[in-house]
Amino acid sequence: MELGRVFGLCLILLGTILRKLLFSGSIHYPRSTPEMWPSLIKKTKEGGIDVIQTYVFWNLHEPKLGQYDFSGRNDLVKFIKEIRSQGLYVCLRIGPFIEAEWNYGGLPFWLRDVPGMVYRTDNGPFKFHMQKFTSKIVDLMKSEGLFASQGGPIILSQIENEYGNVEAAFREKGAAYIKWAGQMAVGLKTGVPWIMCKQPDAPDPVINTCNGMRCGDTFPGPNSPNKPKMWTEDWTSFFQVYGSEPYIRSAEDIAFNAALFVAKNGSYINYYMYHGGTNFGRTSASYFITGYYDQAPLDEYGLLRQPKYGHLKELHAAIKSSANPLLHGKQTILSLGPLQQAYVFEDASSGCVAFLVNNDPAKIIQIQFRNNAYSLRPKSIGILQNCKNLIYETAKVNVAKNMRVTTPVQVFNVPDKWEVFKETIPAFSDTSLKTNALLEHTSLTKDKTDYLWYTLRFKPDSPCTNPSMYIESSGHVVHVFVNNALAGSGHGSRDIRVVKVQVPVSLINGENNISILSGMVGLPNSGAFMERRSYGLTKVQISCGGTKTIDLSGSQWGYSVGLLGEKVRLHQWRNLKRVKWSMNDAGLIKNQPLAWYQRTFDGPNCDGPVGLNMSSMGKGEIWVNGESIGRYWVSFLTHSGRPSQSIYHIPRSFLKPYGNVLVVLEEEGGDPLGISLNAISVIGSNKALSQLS
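Residues numbered from 1 in each chain as written. Predicted model: local features only at pLDDT ≥ 70, side-chain atom pairs only at ≥ 80, totals over all residues. Heavy atoms only, no water.

A. How the structure looks around unusual backbone geometry. In this structure, the amide linkage connecting Asp204 to the following residue, Pro205, adopts the cis form with an omega of 0°. Considering the arrangement of structural elements, one finds Pro205 in the loop between strand S7 (194–197) and strand S8 (207–212). Pro307 follows Gln306 through a cis peptide bond whose omega is 10°. Summarising the element assignment, Pro307 is placed in the loop between strand S10 (266–275) and helix H8 (308–320). If you check the backbone angles, Lys446 has positive phi at about 55° while not being a glycine. Position of Lys446 among the secondary structure elements: in the loop between helix H10 (441–445) and strand S21 (451–458). Positive phi, close to 45°, is recorded for Asn466, a residue that is not glycine. As for its position among the elements, Asn466 is in the loop between S21 and strand S22 (467–473). (Helix = DSSP H or I, 4+ residues; strand = E, 2+ residues; numbered from the N terminus.)

Next comes the structure, spelled out in C-alpha cells:
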C-alpha cells in the first residue's frame with residue numbers, strides 16, 4: 001500500500017513511531033475554570049476521547065504589548081499538564097488568529113494601532129508580532145517539556161485558522177503569507193506535525209485538514225500522499241447568536257458522518273465542541289451569546305448531554321475494537337446497491353472489519369454481505385466486527401435521552417435587599433474631547449469598554465414641531481437620551497449590520513443636551529481586513545414634523561469613553577462605596593435604564609452547577625464577587641418569542657459560603673426582583689421524563 005493510503009496518524013513519541021486512530025474533543029481552557037478542568041477532562045476520557053484540542057487565546061495572554069498573562073483561567077500550562085496527568089494527548093491550535101466566536105478572533109486590539117498593520121497577510125508588522133507570539137507559546141511549551149518529542153502530551157500544533165476562507169481577498173499576498181506561516185511554524189522545531197485547517201494549499205510538510213459537519217463527503221483529502229486524513233472540527237452543534245434558536249444536531253447524524261470519515265481512511269476526528277463552556281466577561285465576538293456550544297456532548301455546565309455523549313462513546317468503542325484491521329488491513333470498497341456501499345479493511349494477520357453504509361434517507365434497507373443479511377435504518381452505517389457481527393449502528397440509539405432541569409434555590413425578590421445606582425448621563429460640557437465630526441467608536445474605546453458617549457448641545461433656531469431624531473450606526477446598540485431622559489433605543493443583529501433608529505424626542509426652546517450611547521456586543525471574529533472595519537454613529541438628524549430636517553452629523557460633538565460605573569470599577573466590592581446607592585424603595589428598583597444594581601447572597605445549599613435566571617431583565621453584564629460571568633441580553637427574542645439565553649452560569653469556584661456580592665449593569669430597564677439563583681441538574685431517563693409531564 002502506498003504511503004498516502006496508510007491508515008492512522010503516525011505519532012513520534014520519544015523516538016518511537018506509533019500509528020494511531022484518534023478521537024479528539026475540543027475544550028477551551030478560558031471558557032471554564034481550573035476547578036472544572038479535571039472533571040471535564042475525566043468525562044471526556046470516559047467518553048472514549050484520546051486527545052483534547054484547544055486554541056491559544058492571544059488577546060488573553062498578551063492584553064498589552066509585551067505584557068503576558070498565564071494566570072487563572074489563562075493558565076495554559078496547568079491545563080495541558082492536567083490533560084497529561086489523565087493520560088490524554090493535546091492538539092494545540094496556536095493560530096494565533098483563531099476565530100472561535102471569540103472577541104476579535106483572538107487578536108489583541110493593540111495590533112490595530114501598530115503603524116502599517118494589515119492582519120493575516122504578507123505584511124511585515126503583522127508577521128513580526130505573529131511570529132513573536134507563536135514563538136513565545138512554543139518556547140513556553142518546550143520549557144515545560146510538553147511536546148511529544150520531549151515526552152509530553154502535545155502531538156499536533158496548528159498555525160493560522162481557516163485561512164482558505166479569506167485567502168483570495170489578499171490575492172498574491174495571501175499565498176505568500178500562508179507559505180511564510182508554514183515555514184515559520186516548522187522552523188520552530190517542535191518535533192510534532194503542524195496542521196492548517198480548511199487550507200487546501202497548506203505547504204509541505206504542514207497537513208491540511210477539514211472543518212465542517214460532513215467531512216466524509218466534502219473533504220477531498222490531504223494535498224500530499226504522505227499526509228494523514230484529518231478532521232479538526234466536527235461540529236457537534238453550531239454557534240448561537242442573540243435572537244437565534246440553538247442548533248440541534250442529532251447524535252445519529254454526528255455518528256454517521258464520523259463513521260463515514262473513518263471508513264474513508266480518516267485518521268483523526270475532533271468534535272468541536274466536546275465542551276463549549278462560557279464566554280466570561282466581554283470575550284464573545286459580535287452578537288454571540290454567553291453560553292458556547294451548549295448542545296455539545298458536555299453542556300455549558302459540564303453535564304452529560306444524552307444521548308449525544310453516550311452514543312458517541314459507543315461509536316468510539318466499536319471502532320477501537322477493530323483498530324488492528326483498520327490500521328493494518330487493506331481497504332476494499334464494494335457497491336451493495338444504488339445508495340449502499342461496504343468499506344472493508346482486512347488482512348490475514350489483523351482480521352477484518354466492515355462499514356456497511358445505507359445512504360437512503362427514507363428507507364430501511366436489507367443488505368446482503370458475505371452470505372449474511374443486515375437490516376440498516378435510513379441514513380445509517382453498521383459496523384461489522386470480524387466482518388460478520390453487527391456491533392454498532394449509527395442510526396440506532398441505545399442511550400436514553402436526558403433532560404436538563406433548572407430549580408430555583410434563591411429568589412431575589414425582596415426590594416430592601418437591593419441597592420441601585422443610576423448611571424450619570426454626560427452632557428457636552430462634561431466632555432474633554434470635542435470635534436466637528438462623528439468619530440469611530442473603537443478608535444476611542446480601544447475595546448476596553450463596550451460603550452462610547454456621543455454628546456451634543458442643540459438649540460433650535462426656530463420652533464420645531466413634532467421633533468424626531470434619526471440615527472444610523474455601524475455599532476450594535478444605540479440608546480438616545482435627550483435632557484437626561486431616555487427617548488428610545490435600537491440595535492442591530494448578526495444579519496443587520498447598520499442600526500437605524502427613528503425616535504420622537506422632546507425638545508425645550510433653549511439649549512438641549514443630547515447624549516447618545518453607542519454600544520458594542522463584541523468585535524468581529526472573522527473575515528478579511530478586520531483592521532479596516534469601523535463602528536459607531538455615522539448619521540444623526542433631527543426632523544421637525546417632516547417639514548424640515550437638520551443634519552447634526554457635522555456639528556461639534558463631545559465624547560466620553562465608557563460608563564462612570566466602569567471607571568470606578570463598581571463591580572468590585574471594595575469600590576461599591578465610591579458612588580451613592582439608593583435603597584429601600586421598590587419604585588427606584590424597577591425599570592431603570594442605565595442602572596447598576598447590587599446585593600449580597602449566601603452560597604446555595606446544593607451541589608452541582610448553578611446559574612442566574614435573568615429573564616426579568618433586559619441587557620447588560622453580571623458580576624459575582626468581582627468576576628464577570630458575561631453579557632446578558634434576554635430582551636433580544638427569537639422568532640418564537642423566547643430569549644436566546646436566560647440562565648447564566650456561575651462557576652462554583654466564584655462563590656463563597658456567605659456574603660457573595662452580585663452586581664448587575666442593566667442598560668434598558670428591567671426588574672431585578674425577578675432574578676433567581678438556580679440549581680442545574682439533569683434527569684437521566686425517559687421514565688423520569690415521563691413522570692415530569
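B. Region of interest: the pairing of S7. The alternating pattern of S7 places Trp194 and Met196 and Ile195 and Cys197 on opposite faces, both of which are buried. For strand S6 (residues 154–159) and S7, the ladder comprises 2 bridges, and the chain directions are parallel. Looking across to S7, one finds that Ser157 is bridged to Trp194. (Buried < 20%, exposed > 50% of the residue type's maximum accessible area, 1.4 Å probe, protein only. Pairing = 2+ DSSP bridges.)

C. Main features of the UniProt feature "domain: Glycoside hydrolase 35 catalytic" (unreviewed entry) in the protein chain. The residues that UniProt annotates with the feature "domain: Glycoside hydrolase 35 catalytic" (unreviewed entry) are residues 19–318. Each end of residues 19–318 is marked by a C-alpha atom, and these two atoms are 18 Å apart; helix forms 29% of the span and strand 18%. (UniProt positions renumbered as here; feature names shortened; annotations may be inferred.)

D. Inspection of the side chain of Thr431 at higher detail. Positionally, Thr431 belongs in the loop between strand S19 (419–422) and strand S20 (433–435). Polar side-chain contacts of Thr431 include one of 2.7 Å to the backbone oxygen of Phe428. Beyond its immediate chain neighbours, meaning those up to four positions away, Thr431 contacts Thr455, Gly558, Tyr559 and Ser560. (Polar contact = N/O pair within 3.5 Å; in protein donor to acceptor, adjacent residues only side chain to side chain. Contact = heavy atoms within 4.5 Å.)

E. Local environment of the state of the cysteines. A complete count under the given rule lists 3 disulfides for this structure. Here Cys210 is linked by a disulfide to Cys215, with a sulfur-sulfur distance of 2.0 Å. Disulfide Cys210-Cys215: the torsion about the S-S bond is -80°, which places it as left-handed. Accessibility assignment for this pair places Cys210 and Cys215 in one class, buried. Each sulfur of the disulfide joining Cys464 and Cys544 lies 1.9 Å from the other. (Disulfide = S-S within 2.5 Å.)

F. Fine view of the packing of aromatic side chains. Evaluation of the coordinates by the stated rule reveals 39 aromatic pairs. Joined through ring pairs, the aromatic side chains of Tyr104, Phe109, Tyr119, Phe126, Tyr163, Phe170, Tyr177, Trp180 and Phe529 make up one cluster. Above the ring of Phe529, the side-chain terminus of Arg532 is found at 3.8 Å from the ring centroid. Positioned above the aromatic ring of Trp633, the side-chain terminus of Lys619 is 5.2 Å from the ring centre. (Phe/Tyr/Trp six-rings, centres within 6.5 Å; stacked < 30°, edge-to-face > 60°. Lys NZ or Arg CZ within 6 Å of the ring centre and 35° of its normal.)

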